[in-house]
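Fold and contact review
Chain by chain, the residues:
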Amino acid sequence: MTLARKPLMAGNWKMNLNHVDAVGLVQKLVWTLEDKRHDPKKSEVVVLPPFTDLRTVQTLVDGDRLELGYGAQDLSPFDGGAYTGDISADMLVKLGCSYVVVGHSERRQYHGEDDNTVNAKTIQAIKKGLTPIVCVGEGLEVRRADQHVDFTISHVEGALARLTPEQISSLVIAYEPVWAIGTGEVATPQDAQEVCGAIRRWLAERYGDATADQVRILYGGSVKASNVASIMAQPDVDGALVGGASLNPEEFAAIARFYDLPSL
Ligand SMILES: O=C[C@H](O)COP(=O)(O)O
């Protein structure tokens, strides 16, 4: 099986682990990946710690030349200046970040972020050379009303407004049904494929096949080592955005190593 897009396995630590804890997790994760002979050419492994851990992660990755990408969980839509509490894209770039999560449902739910904010942050990330991981996905009521595809596509449309096809081809979209986040309620592989496939078709209609073929679309929501294989086997799923299970280095390494399987 030839993979058109390099899969991405990203661990979102959310508001867990301080900068001291980060040392242990990163060391154990990398040690486990190396011990199990993870092949970085087959998939990219990335951690997304809290802002306060990024310097620590940068020091470990640079100092030991670790094969580990990292990024942040949010960024400011502004360049810099009087924006108390914000963290700018330039600050993240200076810390060696490659990725940044944008529009996670927890930002939408607890911080009132809407599609306009998500769009502004996505544009800012791309402008500054960061790869945004743009999160979209429906809540339980929308799913029960069978509106999940239209709902999710409308968020993709909002988040990507004003971007060029070239900018779009470099970003990552994460489909995360809110009802599956942190609940243990994982979407079926068919659920994941239905929406990820719809996103790719929408991208193709809007920006052309070449662009749509390059965008990596992740699934997120209660991914574990025990369920990763069937979800990642779907043709339009190019990796995972992992929350809770990424706090356990052995578990996350087992998830991240999925694409090392000899059958792929
Ligand atoms: O960003 C990650 C997602 O919110 C998934 O979290 P979870 O794996 O704990 O369900």
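Treat the numbers as computed from the prediction; the structure is a model and nothing was measured. (Residues numbered from 1 in each chain as written. Predicted model: local features only at pLDDT ≥ 70, side-chain atom pairs only at ≥ 80, totals over all residues.)

When helices and strands are tallied, the chain shows 12 helices and 8 strands. Computed over the C-alpha atoms, the radius of gyration of the chain is 17 Å, within 12% of the 18 Å expected from 2.2 N^0.38 for a compact globule of 264 residues. Across its three principal axes, the chain shows a C-alpha extent of roughly 50 × 45 × 35 Å. Here the analysis covers contacts within the chain between residues at least 6 apart in sequence; of these, 73% occur between residues at least 24 apart. (Helix = DSSP H or I, 4+ residues; strand = E, 2+ residues; numbered from the N terminus. Rg over C-alpha atoms; globule rule 2.2 N^0.38 Å. Contact = placed C-beta atoms within 7 Å.)

Attention now moves to the site of the ligand. Taken together, 14 residues lie around the ligand, and Asn12, Ile181, Gly220, Gly243 and Gly244 are the ones closest in. Considering only residue class, the shell around the ligand consists of 5 nonpolar, 8 polar and 1 charged. (Near = placed C-beta within 6 Å. Nonpolar A, V, L, I, M, F, W, Y, C, P; charged D, E, K, R; others polar.)

Below, the discussion takes up the packing of helix H7 (residues 148–159) against helix H9 (residues 189–207). Here H7 crosses H9 at 45°, and the two axes come no closer than 10 Å. Our classification of the angle between H7 and H9 gives oblique. Taken as a pair, H7 and H9 cross one another with a handedness that is right-handed. Taking contact as the criterion, the partners of His148, Val149, Thr152, Ile153 and Val156 in H7 are, on H9, Glu194, Val195, Ala198, Ile199 and Trp202. Tallied by class, residues from the contact of H7 with H9 come to 7 nonpolar, 2 polar and 1 charged. (Axes fitted to C-alpha atoms, helices over the stretch in contact; angles between N-to-C directions. Parallel < 35°, antiparallel > 145°, perpendicular 65-115°, else oblique. Left-handed = near helix turned anticlockwise from the far one by under 90°.)

This brings us to the packing of helix H5 (residues 115–127) against H7. Think of two packed helices as two axes; the pair is described by the angle between the axes and how far apart they sit. Remark: H5 packs on H7, axes separated minimally by 7 Å, with the N-to-C direction vectors making an angle of 50°. With respect to H7, the axis of H5 lies oblique. On H7, the residues touching Asp115, Val118, Asn119 and Thr122 of H5 are His155, Gly158 and Ala159. The residue makeup of the contact of H5 with H7, split by class, is 2 nonpolar, 4 polar and 1 charged.

Turning our eyes to something else, we now look at the nonpolar core. Proteins that are soluble and globular tend to have nonpolar side chains buried together. Grouped together as the largest cluster of nonpolar side chains are 75 residues, with contacts concentrated most on Ala10, Val100, Ile133, Val134, Ile173, Tyr175 and Ala240. Beyond its immediate stretch of four places on either side in the chain, Val134 contacts Val102, Gly103, Val118, Thr122, Ala159, Leu171, Val172, Ile173 and Ala174. (Core = buried A, V, L, I, M, F, W, Y, C linked by C-beta atoms within 7 Å. Buried ≥ 20, exposed ≤ 12 C-beta atoms within 10 Å, placed from the backbone.)

This paragraph deals with the pairing of strand E8 (residues 239–242). Of the two faces of E8, the one carrying Gly239 and Leu241 and the one carrying Ala240 and Val242 are both buried. Strand direction decides the pairing type here: strand E1 (residues 8–12) and E8, joined by 4 bridges, are parallel. Its bridge partner lying in E8, Leu8 is registered against Gly239. Note that strand E7 (residues 216–220) and E8 share 2 bridges and pair parallel. (Pairing = 2+ DSSP bridges.)

Our next topic: helix H12 (residues 249–256). Counting buried positions along H12 gives 6 out of 8 residues, so the element sits mostly inside the fold. Listing the buried residues of H12 in full gives Pro249, Glu251, Phe252, Ala253, Ile255 and Ala256. Looking at the buried side of H12, the elements it contacts are E1, helix H1 (19–35), strand E2 (44–48), helix H11 (228–232) and E8.

UniProt annotation of "binding site: substrate" (unreviewed entry) refers to Asn12, Trp13, Lys14, Gly182, Ser222, Gly243 and Gly244 when read in the numbering used here. Look at the named residues: they lie 233 residues apart in sequence, but the longest C-alpha span between them is just 13.8 Å, so in the fold they bunch up. By secondary structure assignment, the location of Lys14 is in the loop between E1 and H1. Relative to the assigned elements, Gly243 resides in the loop between E8 and H12. When sequence neighbours within four positions are dropped, the list of residues in contact with Gly243 reads Asn12, Lys14, Ile181 and Gly182. (UniProt positions renumbered as here; feature names shortened; annotations may be inferred.)

Under the present numbering, the feature "active site" (unreviewed entry) in UniProt falls on His104 and Glu176. With the annotated positions falling across 73 residues, the maximum pairwise C-alpha distance of 8.5 Å places them together in a single cluster. Checked against the element boundaries, Glu176 lands in the loop between strand E6 (172–175) and H9. On the neighbour-count criterion, Glu176 (28 C-beta atoms within 10 Å) is buried. Sequence-distant contacts of Glu176, that is, excluding residues within four places in its chain, are made with Ser105, Cys135, Gly137, Ile181, Gly220, Gly221 and Leu241.

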